[in-house]
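Summary of the model geometry
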Amino acid sequence: MGLESLPHFKAYTDMKNTFIKNEHLLTGLSDFDLNTLRTRAELHRRYSNIDIKIISCSPEKLVLSIRQGKPFNGNVFDTKRLVEIGKEFVQGVGVPNTVHVGAQPYNPPPPEAVTPEWIRKKMHEHGLKVKDVSHALGVDSHTISAYKNGLKPLSGVVRAMFYYYFNKNR
Amino acid sequence: MTSLEKRLFEIAAQNPKGFTVTIPDCQPVRSGWCIGHKETQNSFGPKGLKKVVEHAMRTTGVVGGWKGYDGRFYFDTVIIEADAGKALDLKHEHRQQAIYHLDTGKIM
């Protein structure tokens, strides 16, 4: 007898085909409704970096949490909209009428404020030249200049370097 | 693999949950209804990306991608439509289960 014929194995492999965390808590849904929810979860994840997690589900009440990570396209939703998205997520499928949604909006880390304009402004505020920043950070002056002028993309680590250099150590 | 395909693979690796960009400039798409194109469904890996890039170049100029349950990177040509009514027509034409509004997170 192969593993595939065991009910638990089938349930486990089915659960892997989902981006809904704790999907197993959703009981009594038809295959159609479950697929509808899986498709919705996949789209929210793909286009807005939104993850959906089932917290609890009883015949009377469904509790879910919805969390947005850093969206690729920059479209950040506030708490109110995320709660609405959570309620829309289960609309029209066979879940309890009472739905509670806990929302965690995206909270950008402070170094995300660092842009070429931000670097130029900070250098001006502190009266620093490229060679000063280059020396302090141990980074070639051509590279600093390229970051400052937007000719080289700022990675997360580079943003953090500039952010902490200007905000914490001066 | 062309430099554009390499760039798109890099973007996919850095954004495994998903991305949607215009090509060839690889800028994020921020607005409109997203409809997956029926001709690029189930395209994955380098071969799939090549097919999608060629297709998108001829059609909408928009490529999307994400890492699937199976760990593979999937790609498709994305149609962007501002009008909800037209987007709904395109949803049916392209046999999509659902379409997504980037501005609001609404699904139809």
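Look up a bit, the structure's there.
Figured I'd write up the structure that's included with this text. Computed from a prediction, not measured in an experiment: that's the story for all the values here. Each chain has its residues counted from 1, following the order in which its sequence is written. Written order decides the labels, with chains lettered from A and ligands numbered from 1. Given that the model is predicted, a residue must reach a pLDDT of at least 70 before its local features are reported, and side-chain atom pairs must reach 80 or more before they are shown or counted; all residues, however, enter totals for whole chains, interfaces and linings. For the side-chain quantities, the full set of heavy atoms in the structure was used; hydrogens and water were omitted.

**Here's the deal with the environment of A:Leu43**
Rule in force here: Secondary structure elements are defined from DSSP: runs of H or I of at least 4 residues count as helices, runs of E of at least 2 residues count as strands, and each element is numbered from the N terminus. Contacts are assigned to residue pairs that have any heavy atoms within 4.5 Å of one another.
Counting through the fold element by element, A:Leu43 comes out in helix α2 (residues 31–48). Remark: the alpha-carbon pair of A:Leu43 and A:Gln68, spanning 25 residues in sequence, is separated by 13 Å. Once residues within four sequence positions are removed from consideration, A:Leu43 is found in contact with A:Ser48, B:Ala98, B:Ile99, B:Tyr100 and B:Ile107.

**Section: the nonpolar core**
Residues and elements named next belong to chain A. The following threshold applies: Here the nonpolar core consists of buried residues drawn from Ala, Val, Leu, Ile, Met, Phe, Trp, Tyr and Cys, with membership extended through side-chain atoms lying within 4.5 Å. Exposed residues in this analysis have more than 50% of their type's maximum accessible area, buried residues have under 20%, and partly exposed residues fall in between, with area computed by a 1.4 Å probe over protein chains only.
Grouped together as the largest cluster of nonpolar side chains are 30 residues, with contacts concentrated most on Leu37, Ile50, Leu62, Leu64, Phe89 and Val90. Put simply, the parts of the chain that give this core at least two residues each are α2, β2 (50–57), β3 (61–68), α3 (79–89) and β4 (98–104). In terms of residue count, the dominant contributor to this core is α2 (five residues). Dropping the residues within four chain positions of it, Leu37 is found in contact with Ile20, Leu26, Leu29, Phe89, Val90 and Val93.

**With respect to the interface of chain B and chain A**
Using the following cut-off: As a working definition, buried area equals the accessible area (1.4 Å probe) given up by two parts on being put together, with both sides summed. A side-chain nitrogen of Lys or Arg and a carboxyl oxygen of Asp or Glu constitute a salt bridge if their distance falls within 4 Å. Polar contacts here mean pairs of N or O atoms no more than 3.5 Å apart (in protein, one a potential hydrogen donor and the other a potential acceptor; neighbouring residues in sequence count only if both atoms are side-chain atoms). Note that Gly is not counted as nonpolar here; it falls among the polar residues with everything else outside the nonpolar set of Ala, Val, Leu, Ile, Met, Phe, Trp, Tyr, Cys and Pro and the charged set of Asp, Glu, Lys and Arg.
Contact residues are listed per partner, giving 30 residues for chain B and 24 residues for chain A. Surface buried jointly by chain B and chain A totals about 2300 Å² across both partners, of which 53% is contributed by carbon and sulfur atoms. On the chain B side of the interface with chain A, the three residues burying the most area are B:Lys17, B:Tyr69 and B:Tyr100, jointly 36% of the side's total. The tally of links from chain B across to chain A stands at three salt bridges. For the pair chain B and chain A, the number of links is 12 residue pairs in polar contact (both at pLDDT 80 or more). Of all the elements in the fold, those that place two or more residues in the side of chain B that touches chain A are β1 (19–22), β5 (62–67) and β6 (73–81) of chain B. For the side of chain B that touches chain A, the element with the most residues is β5(B), which contributes four residues. Taken together, the residues that form the side of chain B that touches chain A break down as 15 nonpolar, nine polar and six charged.

**Concerning the packing of α2(A) against α3(A)**
Residue and element names in this part refer to chain A. The test is simple: Geometry is summarised by axes, namely lines fitted to C-alpha atoms with helices restricted to the contacting stretch, and by angles between N-to-C directions that run from 0 to 180 degrees. An angle below 35 degrees is read as roughly parallel, one above 145 as roughly antiparallel, one from 65 to 115 as roughly perpendicular, and any other as oblique.
At a minimum axis separation of 10 Å, α2 and α3 run at an interaxial angle of 155°. Classified by the angle their axes make, α2 and α3 are roughly antiparallel. In contact with Leu37, Arg40, Ala41 and His44 of α2, α3 contributes Ile85, Glu88 and Phe89. Of the residues in the contact of α2 with α3, the class split is four nonpolar, one polar and two charged.

**Brief notes about the pairing of strand β3 (residues 33–36) of chain B**
Residue and element names in this part refer to chain B. We apply this condition: Strands are labelled as partners when DSSP assigns at least two bridges between them.
Because side chains alternate across β3, one face comprises the buried residues Trp33 and Ile35, and the other comprises Cys34 and Gly36, equally buried. Note: β3 against β6, four bridges, orientation antiparallel. Pairing of Gly36 across the sheet is with Val78, part of β6. Across two bridges, β3 lies against strand β7 (residues 100–101) in antiparallel orientation. Looking across to β7, one finds that Cys34 is bridged to Tyr100.

**Side note on the packing of aromatic side chains**
For the record, the criterion: The pairing test for Phe, Tyr and Trp rings, Trp by its six-membered ring, is centres within 6.5 Å, and the orientation test on the planes gives stacked under 30 degrees, edge-to-face over 60, and tilted for anything in between. Ring-over charges, as used throughout, are those where CZ of Arg or NZ of Lys falls within 6 Å of the ring centre and within 35 degrees of the ring normal.
Applying the stated criterion across every chain, the model contains 14 aromatic pairs over all chains. Taken together, a centroid distance of 6.1 Å and an interplanar angle of 65° make the contact between A:Phe72 and B:Phe19 edge-to-face. Residue A:Phe72 is located in the loop between β3 and α3, and its partner B:Phe19 is located in strand β1; the two belong to separate chains. The exposure class of A:Phe72 is partly exposed, given its relative accessible area of 25%. In this arrangement the basic side chain of A:Arg45 is found over the ring face of A:Phe19, its NZ or CZ atom lying 3.9 Å from the centre.

**Digging into the pattern of salt bridges**
When their charged atoms lie close together, side chains carrying opposite charge are able to pair. All names here are of chain A. Tallied over the entire structure, the rule returns 15 salt bridges over all chains. As a salt-bridge pair, Glu112 and Lys70 come within 3.4 Å of each other at their nearest N and O atoms. Pair noted here: Glu112 is in the loop between β4 and α4 (116–126) and Lys70 is in the loop between β3 and α3, with a separation of 42 residues, a long-range link. Salt-bridge contacts for Arg120 lead to Glu117; the nearest nitrogen and oxygen are separated by 3.6 Å. Highlighted residues: Arg120 and Glu117, both in helix α4, separated by three residues, approximately one helical turn. Taking relative accessible area as the criterion, Arg120 reaches 34% and is therefore assigned partly exposed. Residue classification places Glu117 among the partly exposed residues on the basis of a relative accessible area of 48%.

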